[in-house]
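Structural overview
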Amino acid sequence: MEADPSRTKRIIDQAEKWGAHNYHPLPIVLERGEGAWVWDTEGRKYLDCLCAYSAVNQGHRHPKIIQALKDQADRITLTSRAFQNDRMGPFLEKLCTISEMEMALPMNSGAEAVETALKAARKWGHQKKGVPENEGEVIVAAENFHGRTISIVSFSTETQYRDGFGPFTPGFRVIPFGDLEALRAAITPKTVAFLVEPIQGEAGIIIPPEGFLGDVVKLCRENRVVTIFDEIQSGLGRTGKRFAYEHDSRPGKSAKPDLLVLGKALSGGVYPVSAVVGSAEVLGVFRPGDHGSTYGGNPLGSAVAEAALGALIDERMVENSATQGERLARGLRKLTSPHIREIRIRGLWAGIEIRPESGPARPFCLKLLERGVAAKDTRTQVIRIAPALTVGDTEVDFLLEALGSVLT
Ligand SMILES: *Cc1c(COP(=O)(O)O)cnc(C)c1O
């Protein structure tokens, strides 16, 4: 496509005019993606360092995932759960095997999977723990991000996520992130679950104290509280392990939760697929009719997700995330910048926090665009860096050079 600035402007104006204004995107219009790279309507090429909030961990249009999509589109796409389909079983078996869990419940968006986990925990609390009906409590962490439904924003600590959307869903208690003693103090006989992100992504790649998640699992088990780890963004290789909680597992003290919530990269950015995977003790509370979704577990999404998991494991993307994450970390440590307050990194997931005196992170992201790096600020001060897990030395060095030139 010929570079045509007036076409780009028309597209942006059209989206502005006809779309509700619930996003403030950076001013590039993307029209093609391949692997770790994306192209805009002006023909410019960028290293994608957002990867759709880590939904595209496998890289854009991964050939095996696209092939699975095409093959399945020629067979059958949707049956609803009123009938069985031949693709859901293989997908769920693969998912449970990879996550070492007993059962899975497929949904579509991440927020739906979080809602599903909360419903499971509340029902388990009533039926198995004996918490009186309508009195179960769920503990969550401050600065959390779990999605945008009314129940989920009910326990958000971001003012804007809640502003004007009340009345809210009761039954949630907020504690500081990474604070085991606060969790201990918040647990009551009515507590059914603790919901937490192992690393807080939207909050700016906030990593809890070492061993925290292992301690959480132990404390919750002692108190019969269901642990729910939301790994929608941190899971599936982003941090250099399959799941971020594994960083906190120790011999004889696993940090594996009762329920793991997955989405985003579960389908490699090709089709919305999410799931709750976990123990039969908790997910087993659902009976036919209790909960559902028309598209959840559909054959097209199942085929795509099975291929996305296959690509991630077979092509050793998790290992590559650890290796290239090390290279990125070494390079970032060498940056001497007057603007950087702190760098937090796990695998190929980095948060570069800008000093308040240097202004917000967004202008730095705009300058990165000029250098061929597409990254998005989060929580005003943080540049989030999350390239595809397929990057090699060349891409990481390209990224480091761009960061160096913009930040020093
Ligand atoms: C993106 C995200 C969600 C919500 O997923 P959607 O598919 O946007 O509904 C929930 N939790 C975390 C940690 C996320 O990053």
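Keep in mind that what you see is a predicted model, and the values were worked out from it rather than measured.

**Observations concerning the packing of helix H4 (residues 88-99) against helix H11 (residues 299-314)**
Direction vectors running N to C along H4 and H11 enclose 35°, while the axes themselves pass 8 Å from each other. Relative to H11, H4 is oriented so that their crossing is left-handed. Residues Met88, Pro90, Phe91, Lys94, Leu95 and Ile98 of H4 form the contact with H11, whose participating residues are Ser302, Ala305, Glu306, Leu309, Gly310 and Ile313. When the residues that make up the contact of H4 with H11 are grouped by side-chain class, the tally is eight nonpolar, two polar and two charged.

**Some thoughts on the site of the ligand**
The local shell around the ligand consists of Ser109, Gly110, Ala111, Phe145, His146, Gly147, Glu197, Asp230, Ile232, Gln233 and Lys264. Within the contact set of the ligand, a nitrogen atom lies 2.7 Å away from a side-chain nitrogen or oxygen of Asp230. The separation between an oxygen atom of the ligand and a polar side-chain atom of Gln233 is 2.7 Å. For the ligand, the accessible surface in isolation is 380 Å², of which the surrounding protein chains cover 81%. When the residues that make up the shell around the ligand are grouped by side-chain class, the tally is three nonpolar, five polar and three charged.

**Let's talk about a nonpolar patch on the surface**
A surface patch of nonpolar side chains, amounting to about 280 Å² of accessible area, comprises Ile150, Phe165 and Phe168. Of the residues examined, Phe168 reaches a relative accessible area of 31% and is grouped as partly exposed.

**Remarks on the domain arrangement of the protein**
As assigned here, the protein comprises domain 1 (5-61 + 318-407) and domain 2 (63-314). Using C-alpha coordinates to define each centre, domain 1 is positioned 26 Å away from domain 2. On the side of domain 2, 33 residues touch domain 1, which itself brings 28 residues to the contact. Looking only at domain 1, the three residues that lose the most surface to domain 2 are Arg346, Trp349 and Arg379, adding up to 34% of its buried area. A salt bridge links Glu202 to Arg384; the nearest nitrogen and oxygen atoms lie 2.7 Å apart. Taken together, the connections running from domain 1 to domain 2 amount to 18 residue pairs in polar contact (both at pLDDT 80 or more). Breaking the side of domain 1 that touches domain 2 down by element, the ones donating at least two residues are helix H2 (51-54), helix H12 (317-334), strand S11 (340-346), strand S12 (349-354) and strand S15 (382-385). Residue composition of the side of domain 1 that touches domain 2, by class: 15 nonpolar, eight polar and five charged.

**Quick word on the packing of aromatic side chains**
Applying the stated criterion to the full structure yields six aromatic pairs. Taken together, a centroid distance of 5.8 Å and an interplanar angle of 75° make the contact between Phe145 and Tyr161 edge-to-face. Here Phe145 is found in the loop between strand S5 (137-141) and helix H6 (150-153), whereas its partner Tyr161 is found in helix H7 (residues 159-162), with 16 residues between them in sequence. As far as the burial class goes, Phe145 and Tyr161 line up, both buried. Consider the rings of Phe155 and Phe172, whose centres lie 4.4 Å apart with planes at 40°: the pair is tilted. In this pair, Phe155 sits in the loop between H6 and H7 while Phe172 sits in strand S6 (residues 172-175), placing the two residues 17 residues apart along the sequence.

Reading the values: rules and limits
Residues numbered from 1 in each chain as written. Predicted model: local features only at pLDDT ≥ 70, side-chain atom pairs only at ≥ 80, totals over all residues. Heavy atoms only, no water. Axes fitted to C-alpha atoms, helices over the stretch in contact; angles between N-to-C directions. Helix = DSSP H or I, 4+ residues; strand = E, 2+ residues; numbered from the N terminus. Left-handed = near helix turned anticlockwise from the far one by under 90°. Contact = heavy atoms within 4.5 Å. Nonpolar A, V, L, I, M, F, W, Y, C, P; charged D, E, K, R; others polar. Near = heavy atom within 4 Å. Polar contact = N/O pair within 3.5 Å; in protein donor to acceptor, adjacent residues only side chain to side chain. Areas by Shrake-Rupley, 256 points an atom, 1.4 Å probe, with all protein chains shown as cover. Patch = residues over 30% accessible without salt bridge, like charges linked within 9 Å, V, L, I, M, F, W, Y side chains within 5 Å. Salt bridge = Lys/Arg side-chain N within 4 Å of Asp/Glu carboxyl O. Buried < 20%, exposed > 50% of the residue type's maximum accessible area, 1.4 Å probe, protein only. Domains from an automatic or database assignment. Buried area = accessible area lost by both parts, 1.4 Å probe. Phe/Tyr/Trp six-rings, centres within 6.5 Å; stacked < 30°, edge-to-face > 60°.

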